[in-house]
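Read off the chains here:
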Amino acid sequence: MQYKNLLPLALASIASAQTPSLTDALGSQNSTLSSLNVLLGSDSQFADSLNNLQNVTILAPSNDALGALNDTASLLSDSGYLQALLSYHVLNGTYHNTSFTNQSVFIPTTLTNSTYTNVTGGQVVEARLYDNNVTFFSALKQNASIITPNVNFTGGTIHIIDRLLYIPQNVSDTLSNANLTAAVGAINTVDLTDSVVNTHDVTIFAPDNDAFNAIGSIIGNLSSDDLTNIVGYHVVNGSVNYSTQLENTTLTTVNGQNITITVENGTVYANSAKVTVPDILLANGVVHVIDQVLNPNDTSATPNPTATTTTPAFTSASSGTAGIPFTSGITTPTTTFPAATSGGGSEETSSPSGAAMPMKTGAVGVAALFGGAAIFVNL
């Protein structure tokens, strides 16, 4: 009887001895991960904390991924940011490459530091199969794919990826870099900072620039209260609703009114507005781009899936003559990110050139690290 009890323990000990520690597993891939190993070696306390993790998946940027950094010394000099960046590459849960399908999953990471994220449970990474590769999407839909899967260690598994993941930015910088400049201007005009920027767990339905332009004729007639009511009708506080959670339901917005979510043949609608670009991650939630400005005075608006053109939810509205509303003084992005919308809100598929690293939710200055492009500092 005693021998029977000892046998499983003996087998478990043998299995444990055959599975390397995180340090040894990373070291076994040093030809591809030497740069990452140097970064971890610069912060032994953080490296030790990683070694103690259990049931995690580490997305390890390759040497080529880290080689895109212009100034590694600047990254090394800011240990707080380095820890945040590396924490964003650690998924809670063990996910082998066969775990992923064409259906997106939004996996919490170990990045919970409130200086960098205001998402309850940890900032997430979107993961799914894309062009038959397991791909991870981070800030502004920048993506990284697995090049070497399933390097197992005692706490879980490691996937070597071909690009860095980028920590999601605050609302203003995210919308601006996604070419949603009218939405940025509208939020700034009504000063909903507390409800939008400084709040944990938000879901924003952001009209693209064409949507704002389509109601340009009535913008000048809106009172400050009208505009605040309209902008607030696009923001849901208290819950982060990724696309996988947008089913036939209603969501209560900041102004107290409900948005009706409808799914028609796989397409998601908010009232009558089509979601054209889903799941742009924020420091404090998620943005879904829509092709109409929602009308809080017409909460019963329903989608028309057969329509070939987009009709404004404001029946008396038309395009104005003064250009896209609310964009005066708003900086136009100079780098095209994958999340950037065209005029009509369709998602760009090209990869960004000279990508920049999104930064903290608080004001922090760090030197530019990427291809001459400035670091985005979230204010």
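Let us look at the structure shown here. Computed from a prediction, not measured in an experiment: that's the story for all the values here.

Some remarks on the environment of serine 62
Alright, step 1. Position of serine 62 among the secondary structure elements: in the loop between strand S1 (56-61) and helix H5 (63-67).
Alright, step 2. The spatial distance from the C-alpha of serine 62 to the C-alpha of arginine 163 is 7.1 Å, given a sequence separation of 101 residues.
Alright, step 3. Discounting chain neighbours no more than four positions away, the residues touching serine 62 are Thr32, Leu33, Ile147, Ile160, Ile161 and Asp162.

Brief notes about the pattern of salt bridges
Alright, step 1. With the rule as written, the count across this model stands at 2 salt bridges.
Alright, step 2. Across the pair glutamate 126 and arginine 128 runs a salt bridge whose closest N-O atoms are separated by 3.5 Å. Accessibility assignment for this pair places glutamate 126 and arginine 128 in one class, buried.
Alright, step 3. Measuring nitrogen to oxygen at the nearest pair gives 3.6 Å for the salt bridge that ties glutamate 126 to lysine 141. Of this pair, glutamate 126 sits in strand S4 (residues 124-130) while lysine 141 sits in the loop between strand S5 (133-137) and strand S6 (143-153); the two residues are 15 residues apart in sequence, bridging distant segments of the chain.
Alright, step 4. Owing to a relative accessible area of 4%, lysine 141 belongs among the buried residues under this scheme.
Alright, step 5. Connected through salt bridges with shared partners, the residues Glu126, Arg128 and Lys141 form a single ionic network.

Comments concerning the sheet that holds strand S11 (residues 258-264)
Alright, step 1. What the 7 strands build is an open sheet, ordered S9-S8-S14-S13-S12-S11-S10; its pairing is mixed. The sheet is open, and its two edges are formed by strand S9 (235-237) and strand S10 (249-252), each paired on a single side. For this sheet, the mean inter-axis angle between neighbouring strands, taken without regard to orientation, is 30°.

Here we look at the pairing of strand S8 (residues 202-207)
Alright, step 1. Judged by how many residues are buried, S8 sits mostly within the fold: 6 of 6 residues are covered.
Alright, step 2. Residues of S8 alternate between two faces, with Val202, Ile204 and Ala206 on one and Thr203, Phe205 and Pro207 on the opposite face, all of them buried.
Alright, step 3. Summarising the sheet, S8 and S9 pair through 3 bridges and their orientation is antiparallel. Bridging from a neighbouring strand, threonine 203 pairs with valine 236 of S9.
Alright, step 4. Relative to strand S14 (residues 285-290), S8 runs parallel, the two sharing 6 bridges. Residue isoleucine 204 lies in a different strand from S14, and its bridge partner there is valine 287.

Rules of the game
Sequence order as written defines the numbering, with residues in each chain counted from 1. Where local features are concerned, this predicted model is filtered to residues with pLDDT of at least 70; where side-chain atom pairs are given and counted, the filter is 80 or more; whole-chain, interface and lining totals use all residues. As a rule here, side-chain values come from all non-hydrogen atoms in the structure, and water together with hydrogens is ignored. Secondary structure counts use DSSP, requiring at least four H or I residues in a row for a helix and at least two E residues in a row for a strand, with both numbered from the N terminus. Only heavy atoms matter for contacts: two residues are in contact if any of them lie within 4.5 Å across the pair. Each reported salt bridge corresponds to a side-chain nitrogen of Lys or Arg within 4 Å of a carboxyl oxygen of Asp or Glu. To sort residues, take the accessible area from a 1.4 Å probe on protein chains only and compare it with the maximum for the residue type: under 20% means buried, over 50% means exposed, and anything in between is partly exposed. Whether two strands pair comes down to DSSP finding at least two bridges between them. Under this scheme, a helix contributes an axis fitted over its contacting stretch, all axes are lines through C-alpha atoms, and angles between N-to-C directions fall in the 0 to 180 degree range.

Bear in mind that shape data such as this cannot, by itself, settle questions of function.
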